[in-house]
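# Coordinate inspection notes
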Protein chains: 2
Amino acid sequence: MTILIQNIGELVVVPRGPIGGRSMHTVNTITKAAIVVQDGRITWFGQACDLQYPDECHIIDARGGCVIPGLIDCHTHSVFAGTREGEFVKRLEGKSYAQIAEEGGGIRVSVEAMRSASCETLIELTLPRLRRMLQGGVTTVEIKSGYGLTVDDELKMLQAVSQLKALKPIELVGTYLAAHTTPREFVDQPEAYLDLILDDAVLSRVREEKLAEFCDVFCERTAFSIEQSRRVLETAKRYGLRPKLHADQITQIGASVLAGEVGAISADHLETIHDEGIAAMARAGSVAVLLPACSFFLGVDQAPARRMLEADLPVAIATDFNPGSSMIESLPLTLGIACTQMKMTPTEVLVAATANAAAAIDRQDSVGAIEVGMQADLLILDVPNHHRWMYELGRPSVRLVLKKGKIVVGEA
Amino acid sequence: MTILIQNIGELVVVPRGPIGGRSMHTVNTITKAAIVVQDGRITWFGQACDLQYPDECHIIDARGGCVIPGLIDCHTHSVFAGTREGEFVKRLEGKSYAQIAEEGGGIRVSVEAMRSASCETLIELTLPRLRRMLQGGVTTVEIKSGYGLTVDDELKMLQAVSQLKALKPIELVGTYLAAHTTPREFVDQPEAYLDLILDDAVLSRVREEKLAEFCDVFCERTAFSIEQSRRVLETAKRYGLRPKLHADQITQIGASVLAGEVGAISADHLETIHDEGIAAMARAGSVAVLLPACSFFLGVDQAPARRMLEADLPVAIATDFNPGSSMIESLPLTLGIACTQMKMTPTEVLVAATANAAAAIDRQDSVGAIEVGMQADLLILDVPNHHRWMYELGRPSVRLVLKKGKIVVGEA
């Protein structure tokens, strides 16, 4: 099956990631462009005038719209049960996280809801979220465990992700984040909790059932220390799970330096990153995954994106979609927040949510770029160029979504 | 025609505006509620168990959703031609407004596009914007002139608003903002420009053709001075146009004090308001219209909303939708920005975008409230309560829109 997309107003030729921050500012664009897709992959793209029409093909008219790679949300907690709007309101009223936790709020609420939910319930709750993400142009989503905080409940979350893969055209990637926080039952003995979740039988099962590709840890004063985090990541690495970190979010305890030391594929958050952390990540080739919707949702300072871009780190952007600190499931809105609050340009955020987001989840060879041979995950926007796309902040602009060359949103 | 909305999960009983800031925090809600609408007005509401079923009626099942008054966007520049995404990108790259203006950007671009557009073109450009606003739950919109900057072009803008009234179920309110800035042709003689736009023939025509109900002026160091602004507003008042001001946006030159002195129905922006301005507005009963999407879009500090709320000013929120400083047409997103960036609660922003927005455009006796006798402009949301509505930031939640008792968005 050959598909020809013609009448493209602007084709943004995003190259394969990772792309260093200084190179994210400029990307080639082709006006009056066309793309040919065969068997789910891009086989040709260029100026329409250079096109040799395929013999038989299904033609999609982009009607002058902009075409970009499908968006990739490389850091989410999309599998969750229960909502926490009461806590959202209390925070706006000026209550601290400690006060909210004392009054019964915080992650504990999500953990209790998760433990009492069946895998079927989780799937039912998550499906409409993924459907809306897809409609917003997101064709690949990473999802973390981390609200179960028992071996069984963590695996249940990852099994929900596995089963969702079969149900939706959206591509899913699982991350084992059992070290999200120490559960109540182990409050004074975090090492005992780590013994459980790093047990050989557990990690072997994660590997054998392909429940996750990455292992993540919340490395923070209120969560796991540098040494505990190192233990988690080094142990998981031996089972083929590549390291990721929640790093430098609230306090600076050296998490981004650890990211470099363990060769993390990404370090995420980075609101308080310092020059040492930037240097360590640069040496290791880690992707800096920024989460502007989280800072926005909490009303706190954004990560210093421009410093990381200037240091040439490959920067990615994700929603951090979760019921506590970022109940924002829209990646396009998150990119708008990155533009206006982090002073990133539309081109930079586009690269951040495609090529570099792909690199943050080891998918750079299949998605996130407009290159011959790449999977044809493509969006047709109803705007003539990608600057307009970000400028019209908050307006849904996705007219058509192709996943592996198949139309999954919109009509040709 | 009698309509019964039943199975309402939460009915937010917003009282008639204006509502002082300290009273905006708490609003009555009724769970398991119902509303009866007759001839486009609310005739009964309360707990479903107290309902006496009307003999014949059309039943709408709210399916446990939250019901709130239709939203009111009381400060927009929705009639415009051309876009300015290039300027958006330059600003993100660190260029100043002065540099952008030198390179041919700024309001001049919108003025030139406006002058070369016909009234028909303006209508064509504006209709889809209004349609999307309505789908987002906005049932009443104020629209300002201000991109024509000649008598003919200013009147053309207001005529477009008049003609749009006939085309859309959305209710429109026109404001004469010829004093938006001094046009190029009058760069060193702003008084001569004011002579033109305040001419008796012009203002008489605005009154007779009912082109506007309000007169607005951009009172700012770079636009019109206090004395020029006073002249504009006092003159227009004699033609029945009630005063509004763009006040205290960039610098503090006393615009909010002037708002109080001229008895402005509202003063808008107020990013740099001081205690004197707050006191003057309180004495005059002016509504403080805050525009969080504008500060967000520009990436600058927000107006001190909590200070105004604590001083008991009636606070309203609007999008400021315009192609230069706030290309955000979504009022729900704007309310989410107000929550997270101004620390306003979901209840406060709801009152700000209904009862108090109505008061800012003199519509408090017909819209913006759940009261017997009020126009049945109602939204059914697909969330169980209004806290959840704001918490799920950026997700479109409007399932059904009623304007004057008629379904204009969604299906019963």
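Residues numbered from 1 in each chain as written. Chains lettered and ligands numbered in written order. Predicted model: local features only at pLDDT ≥ 70, side-chain atom pairs only at ≥ 80, totals over all residues. Heavy atoms only, no water.

If you tally the helices and strands in chain A, you get 16 helices and 16 strands. Taking 2.2 N^0.38 as the reference for a compact globule, 412 residues should give roughly 22 Å; the C-alpha atoms of chain A span a radius of gyration of 21 Å, in line with that estimate. Oriented by its inertia axes, the alpha-carbon framework of chain A measures out at about 70 × 45 × 45 Å. Looking at chain A as a whole, 63% of its 412 residues are labelled buried. (Helix = DSSP H or I, 4+ residues; strand = E, 2+ residues; numbered from the N terminus. Rg over C-alpha atoms; globule rule 2.2 N^0.38 Å. Buried < 20%, exposed > 50% of the residue type's maximum accessible area, 1.4 Å probe, protein only.)

What follows is about the nonpolar core. Counting 226 residues, the largest nonpolar core has Y176, L245 and M344 of chain A together with Y176 and M344 of chain B as its most contacted members. In this structure M344 of chain A touches M24, A305, R306, L309, V315, I317, A338, C339, V349 and A352 of chain A together with L92 of chain B, once residues within four positions along its chain are discounted. (Core = buried A, V, L, I, M, F, W, Y, C linked by side-chain atoms within 4.5 Å. Contact = heavy atoms within 4.5 Å.)

Here the focus is the interface of chain A and chain B. In this assembly, 35 residues from chain A lie in contact with 35 residues from chain B. Between chain A and chain B the total buried area reaches about 3,200 Å² when both faces are included, carbon and sulfur atoms providing 66% of it. On the chain A side of the contact with chain B, L92, F296 and Y391 of chain A bury the most area, a combined 24% of that side's loss. Joining chain A to chain B, the criterion identifies two salt bridges. A salt bridge links E85 of chain B to R388 of chain A, with the nearest nitrogen and oxygen atoms 3.0 Å apart. At the boundary of chain A with chain B, the tally comes to 20 residue pairs in polar contact (both at pLDDT 80 or more). Of all the elements in the fold, those that place two or more residues in the side of chain A that touches chain B are α1 (85–92), α11 (292–298), α13 (331–342) and α16 (386–391) of chain A. Of the residues contributing to the side of chain A that touches chain B, the split by class is 17 nonpolar, nine polar and nine charged. (Buried area = accessible area lost by both parts, 1.4 Å probe. Salt bridge = Lys/Arg side-chain N within 4 Å of Asp/Glu carboxyl O. Polar contact = N/O pair within 3.5 Å; in protein donor to acceptor, adjacent residues only side chain to side chain. Nonpolar A, V, L, I, M, F, W, Y, C, P; charged D, E, K, R; others polar.)

Our next topic: the relation of the copies chain A and chain B. Rotating chain A by 180° about the axis while translating it 0.0 Å along that axis superimposes it on chain B, leaving an RMSD of 0.0 Å. Here the transformation between the copies is reduced to the relation of a two-fold axis. Closest to the rotation axis within chain A is the C-alpha of G394 of chain A, separated from it by 3.8 Å. Comparing interface residues between copies, 100% of those in chain A also lie at the interface in chain B; the contact surface is shared. (Least-squares fit on C-alpha atoms with pLDDT ≥ 70 in both.)

What follows concerns the sheet that holds strand β9 (residues 214–218) of chain B. Residue and element names in this part refer to chain B. Sheet architecture is open: eight strands sit in the order β6-β7-β8-β9-β10-β11-β12-β13, paired in parallel fashion. At either end of the open sheet lies a strand with only one pairing partner, and these are β6 (71–73) and β13 (315–317). Averaged over all adjacent pairs, the angle separating strand axes in this sheet is 25°, with direction ignored. With five bridges connecting them, strand β7 (residues 138–144) and strand β8 (residues 171–179) associate as parallel partners. Among the inter-strand pairings, E142 is bridged to a residue of β8, identified as V173. The strands touched by helix α8 (residues 226–237) are β8, β9 and β10 (242–247); relative to β9, the strand with the most contacts, the crossing angle is about 175°. (Pairing = 2+ DSSP bridges. Axes fitted to C-alpha atoms, helices over the stretch in contact; angles between N-to-C directions.)

Turning next to the domain arrangement of chain A. Residues and elements named next belong to chain A. Per the domain assignment, the segments of chain A are domain 1 (2–69 + 369–409) and domain 2 (72–360). If you average the C-alpha positions of domain 1 and of domain 2, the two centres end up 29 Å apart. Scanning the region where domain 1 abuts domain 2 turns up two salt bridges. Notably, a salt bridge pairs R22 with D312, separated by 3.9 Å at the nearest N-O pair. Summed over the shared surface of domain 1 and domain 2, the result is 11 residue pairs in polar contact (both at pLDDT 80 or more). Looking at the side of domain 1 that touches domain 2, the elements that each hand over two or more residues are β5 (66–69), α16, β15 (398–403) and β16 (406–409). Of the residues that constitute the side of domain 1 that touches domain 2, the class distribution is 18 nonpolar, nine polar and five charged. (Domains from an automatic or database assignment.)

Moving on to unusual backbone geometry. All names here are of chain A. A cis amide bond links G17 to the next residue, P18, at an omega of -5°. Residue D312 is not a glycine yet carries a positive backbone phi of 70°. Topologically, D312 is positioned in the loop between α12 (305–310) and β13 (315–317). Within the chain, K343 stands out as a residue other than glycine whose phi angle is a positive 60°.

Let us look at the packing of aromatic side chains. In this description, an aromatic ring pair is defined by two values, namely the gap between the centres and the angle between the planes. All names here are of chain A. Tallied over the entire structure, the rule returns 11 aromatic pairs over all chains. The ring of F80 carries the charged tip of R129 above its face, separated from the ring centre by 3.6 Å. Stacked on the ring of F214, the Lys or Arg K244 has its end atom at 5.2 Å from the ring centre. (Phe/Tyr/Trp six-rings, centres within 6.5 Å; stacked < 30°, edge-to-face > 60°. Lys NZ or Arg CZ within 6 Å of the ring centre and 35° of its normal.)

Looking now at the sheet that holds strand β8 (residues 171–179) of chain A. Residue and element names in this part refer to chain A. Pairing is parallel in the open sheet, where eight strands are placed in the order β6-β7-β8-β9-β10-β11-β12-β13. The strands lining the two open edges of the sheet, one partner per strand, are β6 (71–73) and β13. Each neighbouring strand pair of the sheet contributes to a mean axis angle of 25°, computed without reference to strand direction. Sheet topology places strand β11 (residues 266–269) next to strand β12 (residues 287–290); three bridges connect them, and they run parallel. Note that in β12 the partner of A267 across the bridge is A288.

Once that is clear, we can look at the side chain of E10 of chain A. All names here are of chain A. Among the secondary structure elements, E10 is positioned in strand β1 (residues 2–12). Of the side chains bearing the opposite charge, R388 lies closest to the buried E10, which forms no salt bridge; the N-O distance is 10 Å. For E10, the side chain forms a polar contact with the side chain of H386, separated by 2.8 Å. (Lys, Arg positive; Asp, Glu negative; His and termini not counted.)

As a further point, take the pairing of strand β1 (residues 2–13) of chain B. Residue and element names in this part refer to chain B. Among the 12 residues of β1, nine are classified as buried, and the element is accordingly described as predominantly covered. Bridge count between β1 and strand β2 (residues 28–38): nine bridges; the pairing is antiparallel. Of the residues in β2, the one forming a bridge with I3 is V37. One ladder, built from two bridges, connects β1 with strand β5 (residues 66–69); its direction is parallel. Within β5, the residue paired with E10 across the bridge is C66.

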